[in-house]
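Analysis of the macromolecular model
One-letter residues, chain by chain:
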Amino acid sequence: MLALGAAIAAFTGIGAGIGIGIATAKAVDAVARQPEADGKIMKLLLLGCALAEATAIYGFVVSIMILFASK
Amino acid sequence: MLNISIMNVVWTVINLLILYIVFKLFLFKRVDAILLKRREEIEHTKAEAQRKEREAEELKESYAKKLQGAGKECEDLVAQSKKDGYDEYDRIINDAKAKAEQIIIEAKHNAQIEAQREKDAYVSELTDLVVHAANKIAVSKHDEESDKELYNKFIFEAIEKSE
Amino acid sequence: MDIGGLLNELLLEDKVLIHFDFMNGFFDINKSIVVTWGVIAVLAVFLLWLTSNMKVHDISNKQLVAEMIVDGLRGITGGMLGEEAVRYRDYMAVVLVFIGASNLVGLFGLTPATMDLNVTLGLALMSIVLVEVAGIKFKGFGKWMKSFAQPMWVVAPMNILELGIRPLSLCMRLFGNVIGATVIMELLKMAVPVIIPAAFSVYFDIFDGLIQAYVFVFLTSLYIKEAVE
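Because the structure is a prediction, the values reported are computed rather than measured.

**Digging into the overall build of chain A**
- Scanning chain A from N- to C-terminus turns up three helices and zero strands.
- In chain A, the succession of helices and strands from N to C terminus is α-α-α.
- Whereas a compact globule of 71 residues would reach a radius of gyration of roughly 11 Å, chain A reaches 16 Å, over 25% beyond that.
- Dimensions along the principal axes, computed over C-alpha positions, put chain A at roughly 55 × 15 × 10 Å.
- Buried positions account for 17% of the 71 residues belonging to chain A.
- Taking the intrachain contacts of chain A between residues at least 6 apart in sequence as the baseline, contacts between residues at least 24 apart amount to 82%.

**Examining the nonpolar core**
- Counting residues in each nonpolar core, the largest one holds 68 residues, and the members touching the most others are C:Val95 and C:Leu96.
- Contributing elements (two or more residues each) for this core: helix H3 (38-69) of chain A, helix H1 (6-139) of chain B together with helix H2 (31-51), helix H3 (61-81), helix H4 (89-104), helix H5 (117-139), helix H7 (156-191) and helix H8 (196-227) of chain C.
- The element best represented in this core is H8(C), accounting for eleven residues.

**Focus on the environment of B:Ile42**
- Tracing the chain through its elements places B:Ile42 in helix H1.
- When the C-alpha atoms of B:Ile42 and B:Asn15 are compared, they prove to be 38 Å apart, with 27 residues separating the residues in sequence.

**Some details on the packing of H7(C) against H8(C)**
All names here are of chain C.
- At a closest axis distance of 10 Å, the pairing of H7 and H8 adopts a crossing angle of 180 degrees. On the basis of the axis angle, H7 is roughly antiparallel to H8. In contact with Arg166, Leu170, Leu174, Asn177, Val178, Ala181, Ile184, Met185, Leu188 and Lys189 of H7, H8 contributes Ile196, Pro197, Phe200, Ser201, Phe204, Asp205, Asp208, Gln212, Phe216, Leu219 and Tyr223.
- The class makeup of the residues in the contact of H7 with H8 is 14 nonpolar, three polar and four charged.

**Notes on the interface of chain B and chain C**
- In this assembly, 27 residues from chain B lie in contact with 33 residues from chain C.
- For the side of chain B that touches chain C, a count of residues per class yields 18 nonpolar, four polar and five charged.

**Considerations on the confidence of the model for chain A**
- For chain A, the mean per-residue pLDDT works out to 86, and 96% of the residues sit at or above 70.
- Ranking the elements of chain A by mean pLDDT puts H3(A) last with 83 and helix H2 (residues 12-33) of chain A first with 92.

**Brief notes about H2(C)**
All names here are of chain C.
- Helix length check: H2, at 21 residues, gives a terminal C-alpha distance of 30 Å against a target of 30 Å (1.5 Å per residue), a fit within 8%.
- Among the residues of H2, Ser32, Ile33, Val35, Thr36, Val39, Leu47 and Thr51 are the ones counted as buried. The buried residues of H2 occupy one face: seen down the axis, they fall within an arc of 155 degrees. Of the exposed residues in H2, those oriented more than 90 degrees away from the buried face are Ala41, Val42, Val45 and Trp49.
- Of the residues one or two after H2, asparagine 53 is the one with positive phi, at around 60 degrees.

**Side note on the packing of helix H1 (residues 3-11) of chain C against H7(C)**
Residue and element names in this part refer to chain C.
- Running from N to C, H1 and H7 point in directions that differ by 140 degrees, and their axes come no closer than 11 Å. Considering the angle they form, H1 stands oblique to H7. As H1 packs across H7, the resulting crossing turns out to be right-handed. Of the residues in H7, those in contact with Ile3, Leu6, Leu7 and Leu10 of H1 are Val183, Glu186, Leu187 and Met190.
- Per-class residue counts for the contact of H1 with H7 are seven nonpolar, no polar and one charged.

Cut-offs and rules
Residues numbered from 1 in each chain as written. Chains lettered and ligands numbered in written order. Predicted model: local features only at pLDDT ≥ 70, side-chain atom pairs only at ≥ 80, totals over all residues. Helix = DSSP H or I, 4+ residues; strand = E, 2+ residues; numbered from the N terminus. Rg over C-alpha atoms; globule rule 2.2 N^0.38 Å. Buried ≥ 20, exposed ≤ 12 C-beta atoms within 10 Å, placed from the backbone. Contact = placed C-beta atoms within 7 Å. Core = buried A, V, L, I, M, F, W, Y, C linked by C-beta atoms within 7 Å. Axes fitted to C-alpha atoms, helices over the stretch in contact; angles between N-to-C directions. Parallel < 35°, antiparallel > 145°, perpendicular 65-115°, else oblique. Nonpolar A, V, L, I, M, F, W, Y, C, P; charged D, E, K, R; others polar. pLDDT = per-residue confidence, 0-100. Expected span 1.5 Å × (residues − 1). Arc of directions from axis to C-beta. Left-handed = near helix turned anticlockwise from the far one by under 90°.

What follows is the structure in structure tokens.
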């Protein structure tokens, strides 16, 4: 039962994956349009990825909590 | 794993503040001091350069003005010296005139004195002559002819002497 | 392979290093705090060495590095903070260095200090206090109170909730990232003891650690910028 809960919590990775995918696609689009602004776009992309990744991290923390903190 | 102890949170905050002070004292303050000093020096140098430039500009301007004024000054000088020369000339001429007049006066005076003296000498000679003649007359015999001759001789002598 | 045992060891170990007997262990000092002491000591010695014997002219390479560090840190944080809040850039630079150094401690075989929730919570609390102080200082207390009801009074509860959500999000993001990276690294080390962990360590320890420090500072700067506009 605990393992199941942890597995469900790990589904947050889906959201993070989709989010980062979209962000990267848009960033590639932007760099193709304006190659001279790639430094700025890269910075923003990294930031957006880190923020989107946070949801996956939350899921990871929750699953770990379910597995270990309840003991 | 997720247990929170307040004391450790406080410790973290204190650590962060200590690190902030460390950075402030050892990095930011020191580097800022150096940067400030450098900026001050640059400002100082800039101000100095500006001041010097302004001074040079002023000097240049004053020289230009002086150069411009030099022509006029030159003319003034020439005019002044001319005027001085004329004055001097006048003065010398006047002096010369005055001197000449004085010389003339003196000469006249001298001539008068000389004439007087000559006249005196002449008179005294005449007297002598008269006395001489009188003597001659007294010692020689008296006739009309010889008197006449004597008078003539005397007169001639007198004329000869006076000339 | 005993994954459960490894995770148990990693996540459930006793964090207390120095134990005091009175007040039921209230004054216990965690391992992570001691690690941050070490970080502070190393940074202080490094800075002392770096900024000693500074000159105005004929600067040495050492001083050049010091000036570059100051310029770089201030450039990063000042750019994020914007014109109005530029006076907090030094603090944000210190937070950036602190989190970055704490994350990089993992390279030397220690557990990163930011893997302890207490440390990240302390950082997040400092951040939210700074954000609100900046807001009060800039707007004045009355205007600051009113700013909760903006742009509409309906969103006031949300804004008040944000006071708690923001630090929670900051602290959990940092904590989760570091603990995730550490767990994955430990699992990798268990699975493949050589070569591969070194390559992944570049990403998980160096890149991710620095990115998370940057994100933490960026978000705090964003909040401050928002508070002073």
